[in-house]
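Here's the letter readout for the chains.
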Amino acid sequence: RPPRSTLFPYTTSSDLFTSLRVSEMAIGARQCLRLASTRSISWAAAALHSPRHCAPLVQCTLSLDARQQCAQPAVQWCTAVSRLHTSCTVYGAADALGKYDASLVKIETKNHVTTITMNEPKKLNGWTGPMMVTLRHLFQKYADDNDTKVVILTGADPYYCAGVNLAQTMAPMAPKKLRETIRSNNQALFDAFLDFPKPILIAANGPAIGASVTSATTCDAIIASEKATFNVPFAALGIPPEGCSSVHFERMMGKEVANKLLNHGWKPSGKEAAEIGMALEVVPHDKLMARAQEVAESWVAAGRKKTIPGGGAVDEYKKVNARESEELADAFLSYKFLDAQYNFLMSKGKKSNARVFWWVKTLRPVWARFL
């Protein structure tokens with residue numbers, strides 16, 4: 001039973017701890033736990049990815065008195081590495097979500113229309129920490145840019161956006177701090193869309209998932225490629241709606257459609273999205289960007305102001321977003337969500353990734369005390 005203590009997160013961040021390659025640690029989960037106990041560390045969670053890869057998630061509880069004494073030797077034998085994604089970077093507290101990275105996007109401004117193209121197709125334009133930071137930075141920049149009257153947001157083919165990349169936005173840290181990180185990051189993400197003072201036109205060039213769908217629906221309009229699909233898998237993941245969708249979907253598309261999307265996993269095509277009022281129109285894939293530019297320029301000529309489809313108000317939706325972000329943070333740390341992630345990954349044959357969630361859900365009674 002852990003003593004009164006603080007959680008001590010091990011990360012690969014060079015500014016926090018000495019980095020160690022996990023491949024140099026040929027120890028198993030049980031041995032890791034035994035080593036932890038011999039170092040006066042109360043508990044540790046670890047899982048094997050291969051005989052050479054140990055501890056994708058290690059959160060050790062140090063007594064306040066032992067923390068200073070144990071920290072340095074502990075660094076010599078233990079490091080936490082997230083293996084949820086094959087190209088994952090582990091972010092420590094000092095790294096937060098990462099930094100602005102201009103290489104993640106392409107920017108073009110023409111006739112007062114600025115097109116932002118999310119340009120990380122190998123990761124399906126997923127919202128990693130740096131991608132979210134970059135988008136927020138650009139929204140702030142073009143909010144103050146007098147030459148930009150309308151923004152088009154799109155993705156490099158084949159995906160529009162695969163949604164938030166949990167593997168690159170959630171790092172090992174104290175449970176209470178992790179919950180606050182989830183809450184604040186989720187709220188900031190959607191507030192960036194809501195606070196942008198100019199019209200945003202979404203050019204959905206391919207599949208859109210999760211937060212990339214809900215954020216898009218709060219923008220002025222969506223033009224969908226015939227290759228686009230829209231998936232909000234909240235029910236399957238065991239989490240509540242986010243991105244104001246608990247209120248906005250019904251206002252925008254009606255109660256029946258909102259229920260199908262949020263509770264029954266319906267994934268409309270671009271054509272179906274236009275039919276239900278999610279998208280303004282659907283166009284052939286090779287005509288998407290030309291049509292988006294045409295619509296955006298018409299908005300410029302008409303002096304169009306920012307609007308939220310369905311009549312929502314920014315201040316109201318920011319309150320909805322704040323509430324949903326609290327509920328989402330609780331859900332992400334719930335057994336239901338962790339178990340759903342484990343079962344999903346197992347169904348996809350990603351056993352090494354699934355083990356992470358198995359350990360986290362199994363040890364939840366221990367670390368939940370620190371929420």
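Residues numbered from 1 in each chain as written. Predicted model: local features only at pLDDT ≥ 70, side-chain atom pairs only at ≥ 80, totals over all residues. Heavy atoms only, no water.

1. Considering the packing of aromatic side chains
The tally for this structure, following the rule as stated, stands at 5 aromatic pairs. On the basis of an interplanar angle of 40° and a centroid distance of 5.3 Å, the ring pair of F139 and F196 is categorised as tilted. Taken as a pair, F139 in helix α3 (residues 129-143) and F196 in the loop between α4 (175-195) and β8 (200-204) lie far apart in primary sequence, 57 residues in all. Each of the two residues, F139 as well as F196, counts as buried. Through successive ring pairs, a cluster of aromatic residues spans W127, F139, F193 and F196. (Phe/Tyr/Trp six-rings, centres within 6.5 Å; stacked < 30°, edge-to-face > 60°. Helix = DSSP H or I, 4+ residues; strand = E, 2+ residues; numbered from the N terminus. Buried < 20%, exposed > 50% of the residue type's maximum accessible area, 1.4 Å probe, protein only.)

2. Some remarks on helix α10 (residues 288-302)
Helix length check: α10 (15 residues) gives 21 Å between terminal C-alpha atoms against 21 Å at 1.5 Å per residue, within 8%. Those residues of α10 not exposed but buried are L288, A292, Q293, V295, A296 and W299. The buried side chains of α10 occupy one side of the element, clustering within an arc of 165° when seen end-on. Across α10 from its buried face, at more than 90 degrees, point the exposed residues A290 and A301. On its buried side, α10 packs onto β5 (105-110), β6 (113-118), β7 (150-155), β8, β10 (221-225) and β12 (281-283). Of the residues flanking the end of α10, it is G303, one or two places downstream, whose phi is positive at about 70°. (Expected span 1.5 Å × (residues − 1). Arc of directions from axis to C-beta. Contact = heavy atoms within 4.5 Å.)

3. Observations concerning helix α13 (residues 351-362)
Think of an α-helix as 3.6 residues a turn; residues three or four steps apart then line up on the same face. Compared with the 16 Å implied by 1.5 Å per residue over 12 residues, the 16 Å span of α13 between its first and last C-alpha is a close match. Those residues of α13 that fall on the buried side of the exposure criterion are N353, A354, V356, F357, V360 and K361. Along α13, the residues classed as buried sweep out an arc of 145° about the axis, all on the same side.

4. Brief notes about the pattern of salt bridges
A complete count under the given rule lists 12 salt bridges for this structure. Among the ionic pairs, K271 bridges to E275, the shortest N-O distance being 2.6 Å. Of this pair, K271 and E275 both sit in helix α9 (residues 270-276), separated by 4 residues, roughly a single helical turn. This pair shows no difference in class: K271 is exposed, exactly as E275 is. Shared partners join several salt bridges into a network, and the residues in it are R179, E326 and D330. (Salt bridge = Lys/Arg side-chain N within 4 Å of Asp/Glu carboxyl O.)

5. Considerations on the nonpolar core
Residues I116, W127, I202, F230 and M278 are the most contacted members of the largest nonpolar core, which totals 66 residues. Look past the residues within four positions of I116 in its chain and what remains in contact with it is V105, K106, I107, L135, L138, F139, Y142, V151, I152, L153 and T154. (Core = buried A, V, L, I, M, F, W, Y, C linked by side-chain atoms within 4.5 Å.)

6. Side note on the pairing of β6
In terms of residue burial, β6 counts as a mostly covered element, since 6 of its 6 residues are buried. Residues V113, T115 and T117 point to one face of β6 and T114, I116 and M118 to the other, with burial holding for every one of them. Looking at chain direction, β5 and β6 are connected through 6 bridges and run antiparallel. Bridging across to β6, K110 finds its partner in V113. If you look at the hairpin formed by β5 and β6, you'll find 2 residues sitting between the two strands, and N111 has a positive phi there, around 50°. Relative to β7, β6 runs parallel, the two sharing 6 bridges. Note on β7: the bridge partner recorded for T114 is V151. Viewed along the sheet, the connection from β6 through α3 into β7 turns out right-handed. (Pairing = 2+ DSSP bridges. Right-handed = clockwise from strand over helix to strand, strands pointing away.)

7. Some remarks on the sheet that holds β7
The strand order across the open sheet formed by 6 strands is β5-β6-β7-β8-β10-β12, and the pairing between neighbours is mixed. The open sheet is flanked by β5 and β12, the only strands paired with a single partner. Looking at each pair of strands side by side, their axes are set apart by 20° on average, direction ignored. Both β10 and β12 contribute to a ladder of 3 bridges, which runs parallel. Opposite I223, over in β12, you have E281 as the bridge partner. Relative to β6, α3 is tilted by about 175°, and along the sheet it contacts β5, β6, β7 and β8. (Axes fitted to C-alpha atoms, helices over the stretch in contact; angles between N-to-C directions.)

8. Side note on the side chain of E242
Mapped onto the elements, E242 comes out in the loop between α6 (234-237) and α7 (245-253). We note that E242 is buried and unpaired, the nearest opposite charge coming from R323 at a distance of 12 Å. At 2.8 Å, the side chain of E242 forms a polar contact with the side chain of T214. Residues contacting E242, with those up to four places away along its chain left out, are N186, F190, G210, A211, T214, F234, E324 and L328. (Lys, Arg positive; Asp, Glu negative; His and termini not counted. Polar contact = N/O pair within 3.5 Å; in protein donor to acceptor, adjacent residues only side chain to side chain.)

9. Let's talk about the confidence of the model for the protein chain
Mean pLDDT over the protein chain: 79, with 73% of residues reaching 70 or higher. Confidence drops under a pLDDT of 50 for residues 1-95, and excluding neighbours within four residues, the segment shows 205 contacts in the predicted structure. (pLDDT = per-residue confidence, 0-100.)

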